[in-house]
Amino acid sequence: MKKQLLALFIALVPALSMAAGSPAKLDAMSPDLYNTESLHNGARLFVNYCMGCHSAEHQRFARTAEDLGIPQEVIEENLILSPQTAYNDQMRIAMTKADSAVWFGTPPPDLSLMARLKSPEYIYSFLRSFYLDSGKPWGVNNSVFPDVGMPHVLADLQGTYSLACDPNAIGAETIDPLKGKVANPRDCFKEVTPGSLSPTEFDKAVYDLTNFMVYVAEPSKYQANSLAPKVLIFIVIFFFFAYLLKKEYWRDVKH
Ligand code: HEC
């Protein structure tokens with residue numbers, strides 16, 4: 001019995017380490033890979049706002065076009081911004097890692113697998129958590145990724161915000177003693193200058209961008225999803241024949 005209990009405990013260890021995660025409180029985000037409009041908007045934002053610095057080199061423009069149903073001309077006119085890049089090329093960028101390491105301190109990582117490495121919730125929260133901090137090289141900091149080396153690239157859409165709470169306290173779940181309500185970390189962000197989008201529109205834009213990054217991190221999900229019902233149907237049919245075969249084998253044994 002002791003051995004079984006020990007085995008059970010060891011099996012549960014990975015679950016415990018998962019719970020440790022990022023200290024910051026992340027906002028909920030559930031991706032929808034069948035919302036084409038959102039994915040199209042996400043692709044547009046990604047190319048225009050992220051690919052100045054980040055590549056997604058495990059993904060090709062042509063694959064994005066096929067999976068998301070975007071015509072080749074639209075990709076070529078709107079998403080391929082460099083004349084050196086062709087429709088079948090990977091989503092690479094011109095900036096070299098060596099140059100960007102000098103400019104930013106840390107080179108911007110490739111974003112192909114980022115949504116799986118971190119999580120959709122992390123990216124969604126990270127992109128919405130920049131706040132003004134004059135002590136930092138880019139004049140901004142981030143409550144989800146303290147001392148981040150990335151500038152607030154979506155500032156023209158979101159506007160700028162200052163942080164009204166202690167950044168270290170944001171992750172912790174705090175309860176307002178008067179109202180008895182759990183404090184929402186979003187209440188700590190106070191608008192300083194407005195952006196071109198309202199807060200709700202901005203959240204939607206970041207949702208779309210994150211949704212696109214979730215797609216890029218696992219483009220084969222569409223094939224897997226369309227294959228799944230076929231595999232299940234096959235298993236049901238196979239079960240029927242396997243059952244008949246079993247009956248056939250055991251007929252002689254029983255008699
Ligand atoms: C001006 C260059 C620049 C642009 C444009 C840019 N980033 Fe970054 N990004 C960086 C740098 C530099 C880092 C590395 C920061 C660090 O490790 O301190 C980074 C890091 C990241 C990370 C990793 C965070 C982590 O926890 O490791 C994510 C996710 C990310 N960027 C997403 C984006 C998205 C999405 C966009 C487009 C909206 C974008 N970035 C646009 C420079 C940029």
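Cut-off values and rules
- Residues numbered from 1 in each chain as written.
- Predicted model: local features only at pLDDT ≥ 70, side-chain atom pairs only at ≥ 80, totals over all residues.
- Heavy atoms only, no water.
- Donors = N, O, S within 2.8 Å, 3.2 Å for Na, K, Ca; no water.
- Tetrahedral: all angles 85-135°; square planar, octahedral: opposite > 155°, others 65-115°.
- Helix = DSSP H or I, 4+ residues; strand = E, 2+ residues; numbered from the N terminus.
- Buried < 20%, exposed > 50% of the residue type's maximum accessible area, 1.4 Å probe, protein only.
- Near = heavy atom within 4 Å.
- Polar contact = N/O pair within 3.5 Å; in protein donor to acceptor, adjacent residues only side chain to side chain.
- 1 Å grid on protein atoms, 1.4 Å probe; cavity = no way out; pocket = protein on both sides within 12 Å on 5 of 7 lines; lining within 4 Å.
- Sits in = over half its atoms within 2 Å of the grid points.
- Patch = residues over 30% accessible without salt bridge, like charges linked within 9 Å, V, L, I, M, F, W, Y side chains within 5 Å.
- Areas by Shrake-Rupley, 256 points an atom, 1.4 Å probe, with all protein chains shown as cover.
- Salt bridge = Lys/Arg side-chain N within 4 Å of Asp/Glu carboxyl O.
- Phe/Tyr/Trp six-rings, centres within 6.5 Å; stacked < 30°, edge-to-face > 60°.

Draft legend 1. Quick look at the coordination of the iron atom of the ligand. At 2.0 to 2.2 Å from the iron atom of the ligand lie its protein donor atoms, namely His54 (NE2) and Met150 (SD). With 6 donor atoms in place around the iron atom of the ligand and angles of 86 to 179 degrees between them, the coordination shape is octahedral. Placement of His54 in the loop between helix H2 (36–50) and strand S1 (56–60) and of Met150 in the loop between strand S4 (140–142) and helix H8 (155–158) is noted, with a sequence separation of 96 residues between them. There is no split in this pair, since His54 and Met150 are both buried.

Draft legend 2. Main features of the site of the ligand. As a structural note, the neighbourhood of the ligand is formed by 23 residues, with Cys50, Cys53, His54, Tyr122 and Met150 the closest of them. At 3.0 Å from an oxygen atom of the ligand is found a side-chain nitrogen or oxygen belonging to Lys118. Of the pockets mapped on this structure, the ligand occupies the largest pocket. Those elements that provide at least two residues to the shell around the ligand are H2, helix H7 (120–127) and helix H10 (199–217). The dominant element in the shell around the ligand, judged by the number of residues it contributes, is H7, at 3 residues.

Draft legend 3. Region of the structure containing a nonpolar patch on the surface. A cluster of nonpolar residues, Ile233, Ile237, Phe239, Phe240, Phe241, Tyr243 and Leu244, forms a patch on the protein surface that exposes about 760 Å² of accessible area. Secondary-structure assignment places Phe239 in helix H11 (residues 221–254). Judged by relative accessible area, which is 57%, Phe239 ranks as exposed.

Draft legend 4. Looking closely at the packing of aromatic side chains. Tallied over the entire structure, the rule returns 11 aromatic pairs. Ring geometry for Tyr34 against Tyr222: centres 5.7 Å apart, planes inclined by 85 degrees, an arrangement best described as edge-to-face. On the criterion of sequence distance, the pair formed by Tyr34 in the loop between helix H1 (2–20) and H2 and Tyr222 in helix H11 is long-range, its members being 188 residues apart. Aromatic side chains Tyr122 and Phe126 sit 5.9 Å apart centroid to centroid with 10 degrees between the ring planes, which places their arrangement in the stacked category. Residue Tyr122 and its partner Phe126 are located together in helix H7, separated by 4 residues, close to a single helical turn. Look at Tyr122 and you get buried, because its relative accessible area is 11%. Three or more aromatic residues link up through ring pairs in this structure, and these residues are Tyr34, Phe46, Phe212, Tyr215 and Tyr222.

Draft legend 5. Fine view of the pattern of salt bridges. By the definition in use, this model includes 9 salt bridges. Arg63 is the salt-bridge partner of Asp67, the closest N and O atoms lying 2.9 Å from each other. Of this pair, Asp67 and Arg63 both sit in helix H3 (residues 61–68), 4 residues apart, which is roughly one turn of that helix. Owing to a relative accessible area of 22%, Asp67 belongs among the partly exposed residues under this scheme. Note on Arg63: relative accessible area 27%, which makes it partly exposed. Asp208 is the partner of Lys204 in a salt bridge, and the nearest nitrogen-oxygen pair spans 2.8 Å. One end of the pair is Lys204 and the other is Asp208, both in helix H10 and 4 residues apart, which spans about a single turn. Using a relative accessible area of 0% as the deciding quantity, one classes Asp208 as buried. What you see here is one network of salt bridges that share partners, running through Asp27, Arg128, Arg186 and Asp203.

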